[in-house]
Amino acid sequence: MIVAIAGPIGVGKSTVARQLAERLGVRVVSAGEVFRDLARQRGLSVLELNRAAEDDPSLDREVDRLQAALARQGPCVVESRLSGWMVDADLKVWLRAPLAVRAARVAQRDGLPLAAATAELQSREASEWGRYRELYGIDVNDLSPYHLVVDTSVWSAETIVDALLLFIRGRQPAVRP
């Protein structure tokens, strides 16, 4: 079983993915961690690496290629902003939440003032969404690859994981044309 958890910054992808993987007894593949590690290795902030990626498409392509390759190695939960587009998964979930909720989460997680977290989040998303459109022709507002869309401002991560486990257990084999 391969599960793809996707969504914008601060929506709770990592939290849901980690909890779901633990409950399923599988590994997590996190494109965000790969990107953050790459930024640290280069002595850059994530925002600075995002800006560098605007001029160097190989950065995004490498992270996306690695994510898909790791997913093909067996059962896992793949967590990234584009996993529903990039990974052949049995269940594809898009998580969403209002900007204010996501910014508050980022501010708390990163120890930033709320205004700074909001500005950084908006800047990163504008950069990333533009690159995804340019590189892959993906409109992140097109949720057609996803089986489920869940608002993380309405339910806790634990409740979302419980629901996803019900969907996974009840999944029927796909009908292939």
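One can find the structure itself at the top, above this paragraph.
## With respect to the sheet that holds strand β5 (residues 148-151)
A sheet is described by the order of its strands in space; here 5 strands give the open sequence β2-β3-β1-β4-β5, paired in parallel fashion. Each edge of the open sheet is held by one strand with a lone partner, namely β2 (27-30) and β5. In this sheet, neighbouring strand axes are inclined to one another by 20° on average, regardless of whether the strands run parallel or antiparallel. Pairing analysis gives 4 bridges linking strand β1 (residues 2-6) to strand β4 (residues 91-96), with the strands arranged parallel. In the strand pairing of β4, Val 3 is matched with Leu 91. Each of β1, β2 and β3 (76-79) is contacted by helix α4 (residues 58-71), which is oriented at about 165° to β2, the strand it contacts most. The sheet strands contacting helix α8 (residues 157-169) are β1, β4 and β5, and the helix crosses β4 at an angle near 160°.

## A look at the pairing of β3
Side-chain direction in a regular strand flips from residue to residue, so the side chains alternate between the two faces of the sheet. Burial of β3 is two-sided: the residues Cys 76 and Val 78 facing one way and the residues Val 77 and Glu 79 facing the other way are all buried. As paired elements, β1 and β3 share 4 bridges and run parallel to each other. In the sheet register, Val 3 faces β3, and the bridge partner there is Val 77. Examined bridge by bridge, β2 and β3 share 4 bridges and lie parallel to one another. Counterpart to Val 28 in the pairing with β3 is Val 77.

## Re the side chain of Glu 128
Here Glu 128 shows up in helix α7 (residues 114-136). For Glu 128, a relative accessible area of 2% gives the class buried.

## Quick look at the nonpolar core
Residues Ile 5, Val 16, Leu 20, Val 93, Leu 95 and Leu 164 are the most contacted members of the largest nonpolar core, which totals 20 residues. When residues of this core are traced back to their parent elements, those giving at least two are β1, α1 (13-24), β4, β5 and α8. Tallying contributions element by element places α8 first for this core, with 6 residues.

Rules of the game
Residues numbered from 1 in each chain as written. Predicted model: local features only at pLDDT ≥ 70, side-chain atom pairs only at ≥ 80, totals over all residues. Heavy atoms only, no water. Pairing = 2+ DSSP bridges. Helix = DSSP H or I, 4+ residues; strand = E, 2+ residues; numbered from the N terminus. Axes fitted to C-alpha atoms, helices over the stretch in contact; angles between N-to-C directions. Contact = heavy atoms within 4.5 Å. Buried < 20%, exposed > 50% of the residue type's maximum accessible area, 1.4 Å probe, protein only. Core = buried A, V, L, I, M, F, W, Y, C linked by side-chain atoms within 4.5 Å.

The quantities given are spatial measurements derived from coordinates; they are silent on function.
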